[in-house]
Amino acid sequence: MTRGMWTLPNALTGLRLLAVPFLGAVLAVAGDTPGGRWVALALFAAASLTDLADGWLARRWGQCTDFGALVDPIADKALVATALVCLSARDLVPWWATVVVLAREVAVTVLRLTVLQHGVIPASRGGKLKTAAQTTMIVLALAAPEWTAVLTAVVVLTVAWTVLTGLDYGAKAAALTRARRPALQPPAVSPPHAPG
Ligand SMILES: O=P(O)(O)OC[C@H](O)CO
């Protein structure tokens, strides 16, 4: 893994972070109109595409960095969290789902930062699939909010997978901490007593 942070993949991650306040503003101001939701959808889709692009470029160009592994999931979480809070405020996604997702994302981020001294926990395959599921849920809520049955099924599956992958990171963090903990020193052997 490269150590530097000034790479194109990391710049794309930064762009995704930059899109977050714009997405929040569009949804807050015009999220109750179909036009506003389509603008938000375009913004959200473009930002989500940078997630695919940064990972692909980083692997292809050998530019995987510790910085990217740490900040990429944070950018995804900021984007998803902003969209979900705004969608719940518009009654398009149930609040319980948003609260559970936010709790998992905060917990995983705190976990990552807590074990940072032992190493970076990169996004797992399950975690990437979780972000894809969350993205699908948000796209569906923005594009077809009237498909309530489909949306409910996607919400339930996404939340369940979000929680499961969160627990998996918990196990990974515990394993990383155990592996990097310095081995216990063997007790000092005292010299044999000289016969008196
Ligand atoms: O499950 P996380 O926290 O590793 O997040 C996964 C990332 O969003 C994938 O890009």
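Residues numbered from 1 in each chain as written. Predicted model: local features only at pLDDT ≥ 70, side-chain atom pairs only at ≥ 80, totals over all residues. Heavy atoms only, no water.

### Things to note about the overall build of the protein
Here is the rule we go by: Under the DSSP-based scheme used, a helix requires at least four consecutive residues in state H or I and a strand at least two consecutive residues in state E, with every element numbered from the N terminus. Throughout, exposure labels follow a simple rule: accessible area from a 1.4 Å probe, protein chains only, divided by the maximum for the residue type, with under 20% read as buried, over 50% as exposed, and the rest as partly exposed. Whether two residues touch is decided by their heavy atoms; if any such pair falls within 4.5 Å, the residues are in contact.
Along the protein, the regular secondary structure elements total six helices and zero strands. Moving toward the C terminus, one meets the helices and strands of the protein in the order α-α-α-α-α-α. Buried residues in the protein amount to 41% of all 196 residues. In the protein, the share of contacts with a sequence separation of at least 24, taken over all contacts with a separation of at least 6, comes to 79%.

### Thoughts on the packing of aromatic side chains
Here the distance between the centres and the angle between the planes together describe a pair of aromatic rings. We count it as follows: Each aromatic pair joins two rings of Phe, Tyr and Trp (for Trp, the six-membered one) with centres within 6.5 Å, and gets the label stacked for planes under 30 degrees apart, edge-to-face for over 60, and tilted for any other angle. The rule is short: NZ of Lys or CZ of Arg within 6 Å of the ring centre and within 35 degrees of the ring normal puts a charge over the ring.
On inspection of all chains with the given rule, the structure shows zero aromatic pairs. Here Arg-112 stacks its cationic end above the ring of Tyr-169, 4.9 Å away from the centre of that ring.

### Focus: the UniProt feature "transmembrane region" (unreviewed entry) in the protein
The cut-off we apply is this: UniProt positions are given in the numbering used here, feature names are shortened, and annotations may be inferred rather than shown by experiment.
Per the UniProt entry, the sites bearing "transmembrane region" (unreviewed entry) are residues 38-57 and 147-171 in this numbering. Strand forms 0% of residues 38-57 and helix 100%; the C-alpha atoms that close the span are 28 Å apart. The span residues 147-171 is 96% helix and 0% strand, and its two end C-alpha atoms sit 36 Å from each other.

### Let's talk about a nonpolar patch on the surface
Defined as follows: Residues enter patches when they are more than 30% accessible in relative terms and free of salt bridges; like-charged ones are connected within 9 Å and nonpolar ones (Val, Leu, Ile, Met, Phe, Trp, Tyr) within 5 Å. Only the protein chains shown count as cover for residues, and the accessible areas themselves come from Shrake-Rupley with a 1.4 Å probe. Definition used for salt bridges: Asp or Glu carboxyl oxygen within 4 Å of a side-chain nitrogen of Lys or Arg.
A surface patch of nonpolar side chains, about 470 Å² in accessible area, is lined by Leu-129, Trp-161, Val-163, Leu-164 and Leu-167. With four residues, the single largest contributor to the nonpolar patch is helix α6 (residues 148-180).

### With respect to the pattern of salt bridges
The final tally for this structure, using the stated rule, is eight salt bridges. The residue Asp-168 makes a salt bridge to Lys-172 at a minimum N-O spacing of 2.8 Å. Here the residue Asp-168 and the residue Lys-172 both occupy positions in helix α6, the gap between them amounting to four residues, near one helical turn. For Lys-172, a relative accessible area of 35% puts it in the partly exposed group. One continuous salt-bridge network, built from bridges that share partners, spans Arg-16, Asp-51, Asp-54, Asp-72 and Asp-76.

### Observations regarding the site of the ligand
To keep things clear, this is the line we draw: Here a residue is near a molecule or strand as soon as one of its heavy atoms is found within 4 Å of it. Counting of polar contacts relies on pairs of N or O atoms within 3.5 Å, with two restrictions inside protein: one atom must be capable of donating a hydrogen and the other of accepting it, and residues adjacent in sequence are counted only when both atoms are side-chain atoms.
Surrounding the ligand, one finds 14 residues, the nearest of these being Asp-76, Lys-77, Arg-112, Thr-131 and Tyr-169. Within the contact set of the ligand, an oxygen atom lies 3.1 Å away from a side-chain nitrogen or oxygen of Asp-72. Interatomic distance of 3.0 Å between a side-chain N/O atom of Arg-104 and an oxygen atom of the ligand. Taking 310 Å² as the accessible area of the ligand by itself, protein coverage stands at 97%.

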